[in-house]
Amino acid sequence: MAPSLKRRMACWLYEGMLLFGVVFIAGYLFSSLSQTRHALDNRPGLQAFLFLILGIYFTWFWHRGQTLAMKTWHIRVVSATGQPLSQRRALLRYVLSWLWFLPPLLLTLPLGLSAAAVGWLTVLWVLVWALLSRFHAQRQFWHDVWAGTRLVTLR
(Lines give C-alpha, C1' and ligand atoms only; values in the text may rest on other atoms or scores of the structure.)
Protein backbone atom coordinates (compact mmCIF):
# COMPACT_ATOMS: atom_id res chain seq x y z
CA MET A 1 0.00 0.00 0.00
CA ALA A 2 1.29 3.47 -0.91
CA PRO A 3 1.90 5.94 1.90
CA SER A 4 -0.45 8.91 2.00
CA LEU A 5 0.52 11.98 0.03
CA LYS A 6 0.80 13.90 3.30
CA ARG A 7 3.35 11.40 4.69
CA ARG A 8 5.33 11.32 1.45
CA MET A 9 5.54 15.11 1.31
CA ALA A 10 6.53 15.30 5.00
CA CYS A 11 9.28 12.78 4.24
CA TRP A 12 10.28 14.85 1.20
CA LEU A 13 10.62 18.00 3.32
CA TYR A 14 12.57 16.16 6.02
CA GLU A 15 14.87 14.76 3.33
CA GLY A 16 15.50 18.30 2.14
CA MET A 17 16.55 19.35 5.64
CA LEU A 18 18.92 16.40 5.93
CA LEU A 19 20.37 17.13 2.50
CA PHE A 20 21.38 20.58 3.71
CA GLY A 21 24.21 18.92 5.64
CA VAL A 22 25.22 16.72 2.72
CA VAL A 23 25.30 19.68 0.32
CA PHE A 24 27.14 21.87 2.84
CA ILE A 25 29.91 19.32 3.39
CA ALA A 26 30.17 18.51 -0.33
CA GLY A 27 30.32 22.21 -1.20
CA TYR A 28 33.01 22.81 1.40
CA LEU A 29 34.99 19.84 0.08
CA PHE A 30 34.67 21.06 -3.51
CA SER A 31 35.70 24.61 -2.69
CA SER A 32 38.66 23.40 -0.63
CA LEU A 33 39.92 20.99 -3.27
CA SER A 34 39.42 23.45 -6.14
CA GLN A 35 40.69 26.37 -4.05
CA THR A 36 37.66 28.43 -4.97
CA ARG A 37 38.01 31.92 -3.51
CA HIS A 38 34.66 33.38 -4.56
CA ALA A 39 31.23 31.76 -4.33
CA LEU A 40 30.49 32.31 -8.03
CA ASP A 41 33.80 30.87 -9.26
CA ASN A 42 33.59 27.31 -10.60
CA ARG A 43 29.80 27.40 -10.34
CA PRO A 44 29.16 24.86 -13.16
CA GLY A 45 31.77 22.55 -11.65
CA LEU A 46 30.16 22.81 -8.22
CA GLN A 47 26.72 22.11 -9.66
CA ALA A 48 28.00 19.05 -11.51
CA PHE A 49 29.80 17.86 -8.36
CA LEU A 50 26.66 18.27 -6.25
CA PHE A 51 24.58 16.46 -8.88
CA LEU A 52 27.06 13.59 -8.67
CA ILE A 53 27.18 13.57 -4.84
CA LEU A 54 23.39 13.62 -4.57
CA GLY A 55 23.20 10.83 -7.16
CA ILE A 56 25.59 8.69 -5.11
CA TYR A 57 23.68 9.49 -1.91
CA PHE A 58 20.26 8.57 -3.27
CA THR A 59 21.39 5.62 -5.38
CA TRP A 60 23.22 4.15 -2.39
CA PHE A 61 20.32 4.49 0.05
CA TRP A 62 17.54 3.58 -2.37
CA HIS A 63 19.46 0.46 -3.38
CA ARG A 64 19.26 -0.47 0.31
CA GLY A 65 15.56 0.45 0.45
CA GLN A 66 15.44 3.69 2.45
CA THR A 67 17.09 7.00 3.22
CA LEU A 68 17.15 8.25 6.81
CA ALA A 69 14.05 10.37 6.17
CA MET A 70 12.24 7.37 4.71
CA LYS A 71 13.12 5.32 7.81
CA THR A 72 11.69 8.05 10.01
CA TRP A 73 8.42 8.11 8.07
CA HIS A 74 8.25 4.28 7.64
CA ILE A 75 8.45 4.43 3.85
CA ARG A 76 10.42 2.06 1.63
CA VAL A 77 11.17 2.20 -2.08
CA VAL A 78 10.91 -1.09 -3.97
CA SER A 79 10.69 -2.18 -7.59
CA ALA A 80 7.29 -2.46 -9.23
CA THR A 81 7.37 -6.18 -8.37
CA GLY A 82 8.18 -5.52 -4.70
CA GLN A 83 11.85 -6.46 -4.91
CA PRO A 84 14.77 -4.33 -3.64
CA LEU A 85 16.07 -1.84 -6.21
CA SER A 86 19.11 -2.58 -8.30
CA GLN A 87 21.65 0.22 -8.43
CA ARG A 88 20.72 0.81 -12.06
CA ARG A 89 17.02 1.23 -11.20
CA ALA A 90 17.90 3.46 -8.22
CA LEU A 91 20.02 5.62 -10.54
CA LEU A 92 17.15 5.82 -13.05
CA ARG A 93 14.83 6.89 -10.22
CA TYR A 94 17.35 9.58 -9.23
CA VAL A 95 17.54 10.99 -12.74
CA LEU A 96 13.74 10.94 -13.15
CA SER A 97 13.22 12.49 -9.71
CA TRP A 98 14.71 15.71 -11.10
CA LEU A 99 11.25 16.23 -12.65
CA TRP A 100 10.42 17.76 -9.25
CA PHE A 101 12.66 20.72 -10.15
CA LEU A 102 13.68 20.66 -13.80
CA PRO A 103 10.61 22.24 -15.48
CA PRO A 104 10.69 25.48 -13.44
CA LEU A 105 14.48 25.67 -13.73
CA LEU A 106 14.31 25.32 -17.51
CA LEU A 107 11.90 28.28 -17.67
CA THR A 108 14.35 30.50 -15.79
CA LEU A 109 16.63 31.38 -18.71
CA PRO A 110 14.16 32.01 -21.54
CA LEU A 111 11.79 34.02 -19.33
CA GLY A 112 14.50 35.89 -17.41
CA LEU A 113 12.75 35.30 -14.09
CA SER A 114 13.93 36.75 -10.80
CA ALA A 115 15.06 34.44 -7.99
CA ALA A 116 11.79 35.03 -6.13
CA ALA A 117 9.74 34.16 -9.23
CA VAL A 118 11.76 30.97 -9.74
CA GLY A 119 11.16 30.07 -6.09
CA TRP A 120 7.40 30.53 -6.38
CA LEU A 121 7.28 28.72 -9.70
CA THR A 122 9.18 25.82 -8.15
CA VAL A 123 6.82 25.65 -5.16
CA LEU A 124 3.83 25.69 -7.51
CA TRP A 125 5.33 22.97 -9.72
CA VAL A 126 6.15 20.76 -6.69
CA LEU A 127 2.52 21.02 -5.58
CA VAL A 128 1.26 20.19 -9.07
CA TRP A 129 3.70 17.27 -9.45
CA ALA A 130 2.70 15.86 -6.06
CA LEU A 131 -1.02 16.19 -6.80
CA LEU A 132 -0.58 14.42 -10.15
CA SER A 133 -0.04 11.22 -8.14
CA ARG A 134 -3.80 11.28 -7.50
CA PHE A 135 -4.29 10.29 -11.15
CA HIS A 136 -2.33 7.05 -10.76
CA ALA A 137 -4.31 3.97 -9.72
CA GLN A 138 -1.89 3.16 -6.87
CA ARG A 139 -1.27 6.83 -5.98
CA GLN A 140 2.41 6.66 -6.96
CA PHE A 141 4.45 9.61 -8.17
CA TRP A 142 4.89 9.53 -11.95
CA HIS A 143 8.68 9.43 -11.81
CA ASP A 144 8.33 6.22 -9.77
CA VAL A 145 5.98 4.73 -12.34
CA TRP A 146 8.40 5.54 -15.17
CA ALA A 147 11.39 4.22 -13.19
CA GLY A 148 9.58 0.98 -12.36
CA THR A 149 9.62 1.70 -8.62
CA ARG A 150 7.03 2.37 -5.96
CA LEU A 151 6.85 3.66 -2.43
CA VAL A 152 5.30 1.39 0.17
CA THR A 153 4.34 1.75 3.82
CA LEU A 154 6.29 -0.33 6.31
CA ARG A 155 3.61 -0.33 9.01
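Predicted model, so just to flag it, every value in this text is computed and none were measured.

### Considering the nonpolar core
Grouped together as the largest cluster of nonpolar side chains are 21 residues, with contacts concentrated most on M9, W62, M70, W100 and F141. Residue contacts for M9: discarding those within four places in its chain leaves W100, V126, A130 and F141.

### Notes on the packing of aromatic side chains
What the rule picks out here adds up to 16 aromatic pairs. Against the face of F141 rests R8, its NZ or CZ located 4.4 Å from the ring centre.

### What about helix α2 (residues 43-63)?
For α2, which comprises 21 residues, the first-to-last C-alpha distance of 30 Å matches the rise-based estimate of 30 Å (1.5 Å per residue) to within 8%. Along α2, the residues that are buried comprise L50, L54, G55, Y57, F58, T59 and W62. Packing partners of the buried residues in α2 comprise α1 (5-34), α3 (68-72), β1 (75-79) and α4 (87-97). Residue G65 follows α2 closely and has a positive phi angle near 110°.

### Things to note about the side chain of Q140
By the element assignment, Q140 lies in the loop between α6 (115-131) and α7 (142-147). We classify Q140 as buried; its relative accessible area is 3%. At a separation of 2.8 Å, a polar atom in the side chain of Q140 contacts the main-chain amide nitrogen of L151. If we skip the residues at most four places from it in the chain, Q140 touches A2, R8, S133, V145, R150 and L151.

The rules we used
Residues numbered from 1 in each chain as written. Predicted model: local features only at pLDDT ≥ 70, side-chain atom pairs only at ≥ 80, totals over all residues. Heavy atoms only, no water. Core = buried A, V, L, I, M, F, W, Y, C linked by side-chain atoms within 4.5 Å. Buried < 20%, exposed > 50% of the residue type's maximum accessible area, 1.4 Å probe, protein only. Contact = heavy atoms within 4.5 Å. Phe/Tyr/Trp six-rings, centres within 6.5 Å; stacked < 30°, edge-to-face > 60°. Lys NZ or Arg CZ within 6 Å of the ring centre and 35° of its normal. Helix = DSSP H or I, 4+ residues; strand = E, 2+ residues; numbered from the N terminus. Expected span 1.5 Å × (residues − 1). Polar contact = N/O pair within 3.5 Å; in protein donor to acceptor, adjacent residues only side chain to side chain.

Read these as spatial facts, not as claims about activity.
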